[in-house]
Amino acid sequence: MIIIKKKYDIAVIGGAGHIGLPLSVFLQNKGNQVLIVDPNQSNISKAKKGIPPFIENNFESNIKEALKKGLNFIENIKEIKEKEFIFVTIGSSSNTEDIKLFDMLINEVISTASKDTKIILRSTLSPETFETLKKNKIIKSKNLKLAYCPERIAEGLAFEELEKIPQIIGCEKKDSHIFKDFFQSNDFETLETDIKTAIFIKLFTNAYRYASFSLINEFNNIANDNNLDFNAVLDVATYKYDRLRGIPLPGFIGGPCLIKDMDTFIKSYEKDNNNLDSFFKTNTRYLEDIVNNCKVKFKDKKIIQLGLTFKPGSDDLRSSLSLNLRNELIREGFKVYSVDPFVESGALDFEIFSFKEVKNKTDNIIISTNHKIFDEIEFKNKNLLIVGRN
């Protein structure tokens, strides 16, 4: 089937953030005209200069190309009025404050949008929030078309995964062709379903991933209770045993999506079931065990902490368990020298050091977020603990 490639006039609300900016750049480079609407002046100022405001593979070349092709930025949401498609990349959750902020934003979008505008919701959405949204009478009076098309890419891999991961389209059946044509015109493979199912898929996917990673931490906790080295267990159990191929290692589970989506899934679908909720306790216990290991291993209570972001190779501090670890160590009386080359000076309310600055402060080192760059450090004669490997 030949797909006619139409170009669209698009606004992206929250377009300077981790979800919105790569998407905006991607769509602009596909030949559309994209307007980013976002009050984040720090990110916008960098983006306008072709400087990526956060880490994504191949970001700089893509954003510079998008700027040449006419990518625009604005703070005032009123500018979306004549746009054919409006993406909302700011999501909600089960948190009351998040719901309140989302409701205010989406109601302003609906009030401002012109008749027949197509609105695409991109981030986390609870079924309750959507049910509330449907009751807005302006949607019907303006004949607005609404779709939930969840973002499913891994942070850092946006430009690779936008090209290859199929786009789920949740909408009313009569509107399906509109959103399908839009995404297919921009080279997306599409999967069509209803909004209720699309919301469940988004939450289930991240809840399942959180549960999978948490389960290995639960086994790690059980091994610790029985004085067993769980990493040695894994080394033997997985050797030439294909049934355990791909099993994750124990470690911190953080970031802006997995924890939030697991919590939203539980509160939306599993209110009276404690099975999934227990994984939060698993990961609290996992963190507590690391703190206890530090108390045993680092008697003088001085420690160099390598890595603060929620995962290796990222500059994102949102819901970072490495930050939680630092706070717990300080609460236990440790002097912590934090090192993370991906975190800008001034991003946190405490000092970030280079390893060179603190390497002689103590021989005690914990790697809590294992950035690849730390492979260059010589750890010989150091008292080393690696989260996930000790």
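Along each chain, residue indices are assigned from 1 in the same order as the chain's sequence is written. Two thresholds apply to this predicted model, a pLDDT of at least 70 for residue-level local features and 80 or more for giving and counting side-chain atom pairs, whereas whole-chain, interface and lining totals are computed over all residues. Side-chain measures here rest on the full set of heavy atoms in the structure, leaving out hydrogens and waters.

1. Let's talk about the sheet that holds strand β8 (residues 190-193)
- By this definition, two strands are paired if DSSP reports at least two bridges between them. Numbering of helices and strands runs from the N terminus, with a helix taken as a DSSP run of H or I at least four residues long and a strand as a DSSP run of E at least two residues long. The strand order across the open sheet built from 8 strands is β3-β2-β1-β4-β5-β6-β7-β8, with neighbouring strands paired in mixed fashion. Taken across any chain shown, the strands that pair with only one partner, and hence form the sheet edges, are β3 (72-74) and β8. Taking the axes of each pair of neighbouring strands and ignoring which way they run, one obtains an average angle of 25° across the sheet.
- Bridge analysis of strand β7 (residues 167-171) against β8 gives 4 bridges, and the strand direction is parallel. By the bridge assignment, I168 is partnered in β8 with L191.
- Contacts from helix α9 (residues 195-225) reach β6 (145-148), β7 and β8, with the element oriented near 30° to β6. Under this scheme, a helix contributes an axis fitted over its contacting stretch, all axes are lines through C-alpha atoms, and angles between N-to-C directions fall in the 0 to 180 degree range. Two residues qualify as a contact provided that any one of their heavy atoms is within 4.5 Å of a heavy atom in the partner residue.

2. A closer look at the pattern of salt bridges
- Put simply, a salt bridge is a Lys or Arg side-chain nitrogen that is within 4 Å of an Asp or Glu carboxyl oxygen. A full pass over the atoms with the stated rule returns 22 salt bridges.
- Close ionic contact of D316 with R318 constitutes a salt bridge, the shortest N to O distance being 2.7 Å.
- On the basis of relative accessibility, which here comes to 3%, the residue D316 falls in the buried class.
- Between D363 and K382 there is a salt bridge; the shortest N-O distance is 3.2 Å. Taken together, the residues span a long stretch of sequence, with D363 in the loop between α14 (355-358) and β11 (364-367) and K382 in the loop between β11 and β12 (383-386) at a distance of 19 residues.
- Using a relative accessible area of 41% as the deciding quantity, one classes D363 as partly exposed.
- Per-residue accessibility, obtained with a 1.4 Å probe over protein chains only, is compared with the maximum for each type, and a residue is labelled buried under 20%, exposed over 50%, and partly exposed between these values. Judged by its relative accessible area of 22%, K382 is partly exposed.
- Connected via shared salt-bridge partners are K145, E172, K174 and D175.

3. Quick word on α9
- Here the expected length of a helix is defined as 1.5 Å per residue gap, with one fewer gap than residues. Between its first and last C-alpha, α9 extends 44 Å over 31 residues, near the 45 Å set by a 1.5 Å rise per residue.
- Here a polar contact means two N or O atoms within 3.5 Å. Within protein one must be a hydrogen donor candidate and the other an acceptor candidate, and residues neighboring in sequence count only if both atoms are side-chain atoms. Where α9 begins, the side chain of D194 points an oxygen toward the backbone nitrogen of K196, at a separation of 3.2 Å.
- Remark: N227 follows α9 within two positions and exhibits a positive phi of approximately 55°.

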